[in-house]
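# Coordinates in review
The residues making up each chain are set out below.
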Amino acid sequence: MRTIPFGKPIIGKEEKEAVIRVLEGSILVHGPLVKEFEGIFARYTDSKYAVAVSSCTAGLHLAYFYLGLGPGDEVIIPAETHVATAHAVELVGAKPVFVDSEKDTGNIDIDQIESLITDRTRAISVVHYLGMPVNMHRVMQIARKHDLFVVEDCALAIGTYLDGIHVGLFGDVGCFSFYPVKHITTAEGGMVTTNSENVASVISRLRAFGIDRNIVSERPVPGIYDVQGLGLNYRMNEMSAAIGIEQMKRIDRFLEKRSENYKLLTDGLKGIDEIELLQSSHDGYQSSHYCQTMILKEPLSQKRFEIVSYLKGHGVGTSVYYPCPVPHMTYYKQKYEFSDSSFPVAARISGNSIALTVGPHIDESDIDYMITTIKAAIMEMK
């Protein structure tokens, strides 16, 4: 039986050899490869600065740490996202203010943002859901009107552009993820992009305890440095950077393959009456095509888990983005007393959807098999 995993990191001999070279040397952290990786990523996104961190979550946390947020402050965020988007706000003691989704894209409903702004609001965080760009022109117009910091959660958005500009450059910071099933991987890792020299400089210090000399070679006397403020240990190591450097050499091919696979899968699913597909690239909106998500219509949606089981039994891996809106998860639901009927659009996407891979690890024959199997699963459940 054919096996098609939802996600699979593509690691070649180049990445393995690069890691071995690091391990054979004497510098595993505080080294030159992290700086090289930052430069490569900054050039790719056309960002003035890029700061490598241990994860996208770390980048988000550092952004709010940089702002000095705390109790009494609020950050507007989408309800439909990974819990890390909200956790980063909670970890500094601020309050996440959730916004429902757009029906067609799954992105934050911009029409609802301004009504939620109060005198306690300090920032807006947007997520480019599954790689589909948010209309950042509208978001920035609102942010400038109310003097708000903007954080772009770009965890699924390497290769996402709006009107020719890479996401992560519209707001004050962009936070990217290199988790194993993302567009590129460093095993674990993330990157913060910004066009602000001050933001880059401060976050560079904050990711390493607040130490004023992060690179060992910058210290005139070994072991001597100063700390002028609090910081965290969110550094990226040299092995991860070595993998990232090699992955970036193939990012264009990865993205091209994702785009091709997405089109093939979408064309094959379009004629199925029992499902809906979220909107993708159009006009100036260029998606990174993280995955294709099909939303099951009623009454088929009531048999979602049975369909997932059928697909798994026939070798087709799936996922869900995300299990439920973040404010419906126990911690947030209990703390902020959200009802089950809140955020209905996000709840429908979470509750009725199945995510399908379009990653570069699959080919046209895999997609043909996926389409055939999905149609068979639907027929089985009718």
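Within each chain, residues carry numbers counting from 1 in the order of the written sequence. Two thresholds apply to this predicted model, a pLDDT of at least 70 for residue-level local features and 80 or more for giving and counting side-chain atom pairs, whereas whole-chain, interface and lining totals are computed over all residues. Where side-chain values are given, they derive from all heavy atoms of the structure, hydrogens and water being excluded.

## Some points on the overall build of the chain
Counting from the N terminus, the helices are DSSP H or I runs at least four residues long and the strands are E runs at least two residues long. When its secondary structure is counted, the chain shows twelve helices and 14 strands. Based on C-alpha atoms, the radius of gyration is set beside the globule rule, defined as 2.2 Å times the residue count to the power 0.38. Over its C-alpha trace the chain gives a radius of gyration of 21 Å, about what one expects of a compact globule, namely 21 Å for 382 residues. Once the C-alpha set of the chain is aligned to its principal axes, its extents read approximately 70 × 55 × 40 Å. Expressed as a percentage of its 382 residues, the buried residues of the chain come to 55%. Each accessible area is a Shrake-Rupley estimate made with a 1.4 Å probe; only the visible protein chains count as cover when residues are assessed. For the chain, the computed accessible surface area is about 16600 Å², with 52% contributed by carbon and sulfur atoms. Charged-residue counts in this description rest on Lys and Arg as positive and Asp and Glu as negative, His and the chain ends being excluded. For charged residues, the charge sits on one atom: NZ in Lys, CZ in Arg, CG in Asp, CD in Glu. One way to put it: in the chain the 37 positive side-chain charges average out to a point 3 Å from where the 47 negative ones average out. In this scheme, a residue with accessible area under 20% of its type's maximum is buried, one over 50% is exposed, and one in between is partly exposed, where area comes from a 1.4 Å probe on protein chains only.

## Quick word on the pattern of salt bridges
Put simply, a salt bridge is a Lys or Arg side-chain nitrogen that is within 4 Å of an Asp or Glu carboxyl oxygen. Overall, the coordinates contain 15 salt bridges when judged by the stated rule. Three or more residues are tied together by salt bridges with common partners; here these are Glu 74, Asp 119 and Arg 120.

## Focus: empty space enclosed by the protein
Cavities and pockets were defined on a 1 Å grid built from protein atoms only: a cavity is a group of points that admits a 1.4 Å probe but offers it no way out, a pocket is an open group of points flanked by protein on both sides within 12 Å along at least five of seven lines, and a lining residue is one with an atom within 4 Å of any such point. Grid points are joined across faces, edges and corners, and a volume is the space filled by probe spheres set on the points. Applying the stated criterion to the full structure yields two cavities of 30 Å³ or more. Approximately 150 Å³ is the volume found for the largest cavity. Lining the largest cavity are 19 residues; nearest its centre among them are Lys 8, Val 181, Lys 182, Arg 258 and Pro 360. Only Asp, Glu, Lys and Arg are considered charged, only Ala, Val, Leu, Ile, Met, Phe, Trp, Tyr, Cys and Pro nonpolar, and every remaining residue, Gly among them, polar. Across the lining of the largest cavity, the residue classes break down as nine nonpolar, seven polar and three charged.

## A short note on the environment of Val 34
On the secondary structure map, Val 34 appears in helix H2 (residues 32-45). Under the relative-accessibility criterion, Val 34 is labelled buried at 8%. In the structure, Val 34 is positioned 75 residues away from Asp 109 in sequence and 36 Å away in space, judged by C-alpha atoms. Once residues within four sequence positions are removed from consideration, Val 34 is found in contact with Ala 52, Arg 207, Met 236, Asn 237, Glu 238 and Ala 241. Contact between two residues is taken to exist if any of their heavy atoms lie within 4.5 Å; hydrogens are not considered.

## Topic: the sheet that holds strand S6 (residues 161-162)
What makes two strands pair is DSSP finding at least two bridges between them. Spatially, S7-S6-S11 is the arrangement adopted by the three strands of the open sheet, whose pairing is antiparallel. The sheet terminates laterally at strand S7 (165-166) and strand S11 (285-286), the two strands that pair on one side only. Where S6 and S11 come together, two bridges link them in antiparallel fashion. Opposite Leu 162, over in S11, you have Tyr 285 as the bridge partner.

## Some thoughts on a nonpolar patch on the surface
A cluster of nonpolar side chains, namely Leu 23, Leu 28 and Val 29, defines an oily patch on the protein surface of about 240 Å² accessible area. By the secondary structure assignment, Val 29 is in the loop between helix H1 (13-24) and H2. When its relative accessible area of 36% is taken as the criterion, Val 29 is described as partly exposed. Residues form patches when they are more than 30% accessible in relative terms and have no salt bridge. Like charges link within 9 Å. Nonpolar side chains (Val, Leu, Ile, Met, Phe, Trp, Tyr) link within 5 Å.

## So, the sheet that holds strand S5 (residues 149-154)
Taken in spatial order, the seven strands line up as S1-S9-S8-S5-S4-S2-S3 in an open sheet, and their pairing is mixed. Single-partner strands in this sheet number two, and they are strand S1 (49-53) and strand S3 (95-99). With strand direction ignored, the average angle separating the axes of adjacent strands in the sheet is 20°. Of the strand pairs in this sheet, strand S2 (residues 74-78) and S3 are connected by five bridges, and their pairing is parallel. Within S3, the position partnered with Val 75 by the bridge is Pro 96. All axes here are fitted lines through C-alpha atoms, helices being fitted over the stretch that makes contact, and every angle between N-to-C directions spans 0 to 180 degrees.

## Focus on the packing of H1 against helix H7 (residues 238-248)
At a minimum axis separation of 9 Å, H1 and H7 run at an interaxial angle of 150°. It follows from the interaxial angle that H1 and H7 lie roughly antiparallel. Here H1 runs over H7; the crossing is right-handed. Contacts between H1 and H7 involve Glu 14, Glu 15, Ala 18, Val 19, Arg 21, Val 22 and Leu 23 on the former and, on the latter, Glu 238, Met 239, Ala 242, Ile 243, Glu 246 and Gln 247. In terms of residue class, the contact of H1 with H7 is built from seven nonpolar, one polar and five charged. Roughly parallel refers to an angle under 35 degrees, roughly antiparallel to one over 145, roughly perpendicular to one between 65 and 115, and oblique to any angle outside these ranges. Put simply, a crossing is left-handed when the front helix is turned counterclockwise from the back one by less than a right angle, and right-handed when it is turned clockwise.

## Observations concerning the packing of aromatic side chains
Each aromatic ring pair is summarised here by two numbers: the centre-to-centre distance and the angle between the ring planes. Each pair of aromatic rings taken from Phe, Tyr and Trp, with Trp reduced to its six-membered ring, is defined by centres within 6.5 Å and is described as stacked if the planes are under 30 degrees apart, edge-to-face if over 60, and tilted in the remaining cases. A complete count under the given rule lists 16 aromatic pairs for this structure. Ring centres 5.5 Å apart and planes at 50° place the aromatic pair Phe 37 and Phe 178 in the tilted group. Taken together, the residues span a long stretch of sequence, with Phe 37 in helix H2 and Phe 178 in the loop between strand S8 (173-177) and strand S9 (190-194) at a distance of 141 residues. What makes Phe 37 buried here is its relative accessible area of 0%. Owing to a relative accessible area of 0%, Phe 178 belongs among the buried residues under this scheme. Here the aromatic rings of Tyr 321 and Tyr 322 are separated by 5.1 Å at their centres, their planes lie at 75°, and the arrangement is edge-to-face. Neither residue differs from the other here; Tyr 321 and Tyr 322 are each classed as buried. One aromatic cluster is present, built from ring pairs that chain together Phe 98, Tyr 331, Tyr 332, Tyr 336, Phe 338 and Phe 343.

## Some words on the nonpolar core
The nonpolar core is taken to be a set of buried Ala, Val, Leu, Ile, Met, Phe, Trp, Tyr and Cys residues, with the residues joined through side-chain atoms within 4.5 Å. Residues Tyr 64, Phe 98, Val 151 and Val 173 are the most contacted members of the largest nonpolar core, which totals 38 residues. Contributing elements (two or more residues each) for this core: S1, helix H3 (56-67), S2, helix H4 (83-90), S5, S8, helix H6 (197-206) and helix H10 (330-336). By residue number, the principal contributor to this core is H3, which donates seven residues. With near-sequence residues (within four places) excluded, Phe 98 lies in contact with Ile 77, Pro 78, Ala 79, Ala 86, Leu 116, Val 326, Pro 327, Tyr 332, Phe 338 and Phe 343. With 24 residues, the next largest nonpolar core counts Val 316, Ile 362, Ile 367 and Met 370 among its residues.

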